[in-house]
Amino acid sequence: MTALATPGLLALDRAAQDLLFRAARTANTFTDEPVTDAQVAAIHDLIRYGPTAYNGQPLRVLLLRSPAARARLLPHLSSSNRAKTAAAPLVAVLAADVDFHERLPELYPHRPQARDWLTDRATRVEQARFSATLQIGYLVVGVRAAGLAAGPMAGFDAAGVTREFFPDGRHETLLVMNVGHPDSASWGARLPRLSTEDVVRTL
């Protein structure tokens, strides 16, 4: 398949494609330039339109700005993630609200009975984790759309972070993500990507 090499098949212009995908990278180090609350709000205002099951929108974002909050997080990270997280302009703990169904009468009003479909906690947690993970993907792209870089990390004790920051039992931590303006040493060579032929099948 050669579709991706053919101009005009994507509605987004080439510069925007590069900003969001081709030139964008997972960042490890950042400049000292801050990430403002206004930027965070603009990112969320963009990505909140991404689809989720039942329009439930279970992603919750906890921003750790203060040194004291950062110090609470660091012991739960793998040793390779601590220094870059301590130095990042902004750290976000991304969690799923497992009681997201309580807002369904507001968010899914054409099915007022939807909240009752999710009274079973195990079913609800599965749905919350699935949709919040989708939203994290949107969030990474939204960060890039703001001219920033995201450094999502899986190397951490999720249960420990949940106990530390969400003791009410309502949230489950999914990911920790550093955000900022990447510096010149933020990344190495681009790793390989699978081709369309490797990924896409037609029946």
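Residues numbered from 1 in each chain as written. Predicted model: local features only at pLDDT ≥ 70, side-chain atom pairs only at ≥ 80, totals over all residues. Heavy atoms only, no water.

Caption draft 1: Spotlight on the overall build of the protein chain. Counting its secondary structure elements, the protein chain contains nine helices and four strands. Dimensions of the protein chain, computed from C-alpha atoms along their principal axes, come out at roughly 50 × 50 × 35 Å. A burial count over the protein chain gives 37% of its 203 residues as buried. Surface accessibility of the protein chain: about 11,700 Å² in total, with carbon and sulfur atoms responsible for 58%. In the protein chain, 22 positive and 20 negative side-chain charges are present, and the distance between their average locations comes to 2 Å. (Helix = DSSP H or I, 4+ residues; strand = E, 2+ residues; numbered from the N terminus. Buried < 20%, exposed > 50% of the residue type's maximum accessible area, 1.4 Å probe, protein only. Areas by Shrake-Rupley, 256 points an atom, 1.4 Å probe, with all protein chains shown as cover. Lys, Arg positive; Asp, Glu negative; His and termini not counted. Charge placed at Lys NZ, Arg CZ, Asp CG, Glu CD.)

Caption draft 2: Local environment of the pairing of strand 3 (residues 149-153). Counting buried positions over the five residues of strand 3 gives four, a clear majority of the element. Here five bridges tie strand 3 to strand 4 (residues 171-180), and the two strands are oriented antiparallel to one another. Counted as the bridge partner of A149 is G180 from strand 4. (Pairing = 2+ DSSP bridges.)

Caption draft 3: Quick look at the pattern of salt bridges. Inspection of every chain in the model, using the stated rule, returns 11 salt bridges. Here D18 ties to R14 by a salt bridge, and the two come within 3.6 Å at their closest N and O atoms. Within this pair, D18 and its partner R14 are both found in helix 1 (residues 14-22), separated by four residues, close to a single helical turn. You can call D18 partly exposed: its relative accessible area is 23%. A cluster of three or more residues bridged by salt bridges with shared partners is formed by R60, D97, E102 and R170. (Salt bridge = Lys/Arg side-chain N within 4 Å of Asp/Glu carboxyl O.)

Without other data, these values stay purely geometric and don't point to any function.
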